[in-house]
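Fold and geometry: a report
Residue-level listing of the chains:
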Amino acid sequence: MKSNLAARLLRIIFGCYFIVTLVVTCVQLAAEYRHTQERLSEEIGAMQHTFGPGITGALWRFNGEVLASIVTGVKALPIVIGVKVEDEQGKLLRAIGTVDDAAGRRLEAGANGALVPAAAPALLFDHIFSRSFPAVYVDEAGERHPVGRWTVYSSQQVVVRQVAYGFFLILVNSVIKTLALWFIFLYVIKRTLGQPLRQMSDFVGQLNIDNIGDRHFVLKDKGKHELHQLTDKLNQMADTLRKSVAENATLYAELKEMNRTLESQVAERTSELQRVASTDMLTGLHNRRKLDEVLGYEVERVHRYGGGLSVILLDIDHFKHTNDSYGHPAGDRVLAAVAAILRSGARSIDSVGRWGGEEFMVICPQTELDGARALAEMLRLRIAAADFPEVGRKTCSFGVAALGPEETLATLVARADAALYRAKQAGRNAVEHDSNEQLL
């Protein structure tokens, strides 16, 4: 009766391998996870002494800027995913990152501090946990004044990411399991498959394109098992392989050419999709998404390497009147014409895009405030001097701001927008700037 050699071999090898792997890996990972979780809890607890006095002082003095700075600093810690500050009545004063509300619902703090529902957890280890600290101000007389509380949030993902020395344990596991599996294979294969496999290896090693199918292989082994069946199949395949080699070579060449053509088409299509995803279809300029990407890169570059960065925001004056009087197609043509003037007037290092509606933005790297103001004034004059089809003359209002030390992208854009608003209030067709002296 034919014995099932493969099934018996697999039961022996992988049964032993599975037991060793499961026991060693589970014990080591459980120990490492518990150790890291305890250490993370201690680090969060220590924040009460590190940041508590500053937060309490800011709450006592109603200093929102200091409070925002401290909360941002806490959020910057690798183990923190969110921070929430409340007054003594439980009213939310400041939040950043991922937090929860009184009902335990997960919320996300936006750029303006507003809380919105967060996306549902997508990962297995995505449970968040928090620790709250009371904010109690002690005055000079020693009297204690509760002013609120602040809560720090972390996640199981942080614990998983910080399993640093667990890699060492996993390495030990791998070595142990590999050595164990090696000796198991060595023992079992040598006794049951060593000689037959050597015979087959010698035969296959002598095969090449010229002698495939010339002779049959005879397995010199007792019994009748899967290797004998494999030998028969090997001889059958060798007989038919010679006939198909030429056909396969031709097919391979055709498939290779098709694959090369397909890769070229995919590359072209990918490039086109990337261009479309970052381009405003009406004006051909960068869209809002691309502008956000460039702004983020330039702000990070200035913070890391220094240099200047200015932003110009401009808005077409009385554009709603143009749409109402001449129709939206005429308004679209005005937008495209203004875009062409901006594209030709901007420098090669500048990034020009449509910020939204009739608003445009020019990002000026390596440029201080005076240079950006001069560029904005030049663009204003060009637009004012242009004769737009159907609608005649149009003007634009400009707001200019330069990035200050340690300033964020959001505040830079907000100051440029404020300058644009002042230009509108001053009668339009003007360039206003927002000085960053208050940030110095």
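Predicted, not measured: the structure shown is a model, and the values here were computed from it.

Another aspect to go through is unusual backbone geometry. Positive phi outside glycine occurs at Phe 62, with the angle close to 55 degrees. Relative to the helices and strands, Phe 62 resides in the loop between helix H1 (5–60) and helix H2 (64–75). At Arg 428, a residue that is not glycine, the phi angle is positive and equals roughly 70 degrees. On the secondary structure map, Arg 428 appears in the loop between helix H11 (409–425) and strand E11 (431–434). For Arg 428, a relative accessible area of 32% corresponds to the partly exposed category.

It is worth spelling out the pattern of salt bridges at this point. Tallied over the entire structure, the rule returns 22 salt bridges. A salt bridge links Lys 84 to Glu 86; its shortest N-O distance comes to 3.9 Å. Judged on exposure class, the residue Lys 84 and its partner Glu 86 are both buried. As a salt-bridge pair, Glu 298 and Arg 301 come within 2.7 Å of each other at their nearest N and O atoms. In this pair, Glu 298 and Arg 301 both sit in helix H7 (residues 288–305), three residues apart, roughly one turn of the helix. Look at Glu 298 and you get buried, because its relative accessible area is 9%.

What the six strands build is an open sheet, ordered E4-E3-E2-E1-E6-E5; its pairing is antiparallel. The open sheet has two free edges, formed respectively by strand E4 (115–117) and strand E5 (128–138), since each of these has just one partner strand. Across the sheet, the mean angle separating the axes of adjacent strands is 35 degrees when strand polarity is ignored. As paired strands, strand E3 (residues 106–109) and E4 are joined by three bridges and run antiparallel to one another.

Attention now goes to H11. In this model H11 runs 25 Å from its N-terminal to its C-terminal C-alpha over 17 residues, within 8% of the 24 Å that 1.5 Å per residue would give. When we look at burial in H11, the residues that qualify are Leu 412, Val 413, Arg 415, Ala 416, Ala 419, Leu 420, Ala 423 and Lys 424. Against the buried residues of H11 lie H7, strand E7 (309–316), strand E8 (351–356), strand E9 (359–365), strand E10 (396–402) and E11. Backbone geometry just downstream of H11 places Gly 427 in the positive-phi region, at approximately 115 degrees.

Analysis parameters
Residues numbered from 1 in each chain as written. Predicted model: local features only at pLDDT ≥ 70, side-chain atom pairs only at ≥ 80, totals over all residues. Heavy atoms only, no water. Helix = DSSP H or I, 4+ residues; strand = E, 2+ residues; numbered from the N terminus. Buried < 20%, exposed > 50% of the residue type's maximum accessible area, 1.4 Å probe, protein only. Salt bridge = Lys/Arg side-chain N within 4 Å of Asp/Glu carboxyl O. Pairing = 2+ DSSP bridges. Axes fitted to C-alpha atoms, helices over the stretch in contact; angles between N-to-C directions. Expected span 1.5 Å × (residues − 1). Contact = heavy atoms within 4.5 Å.

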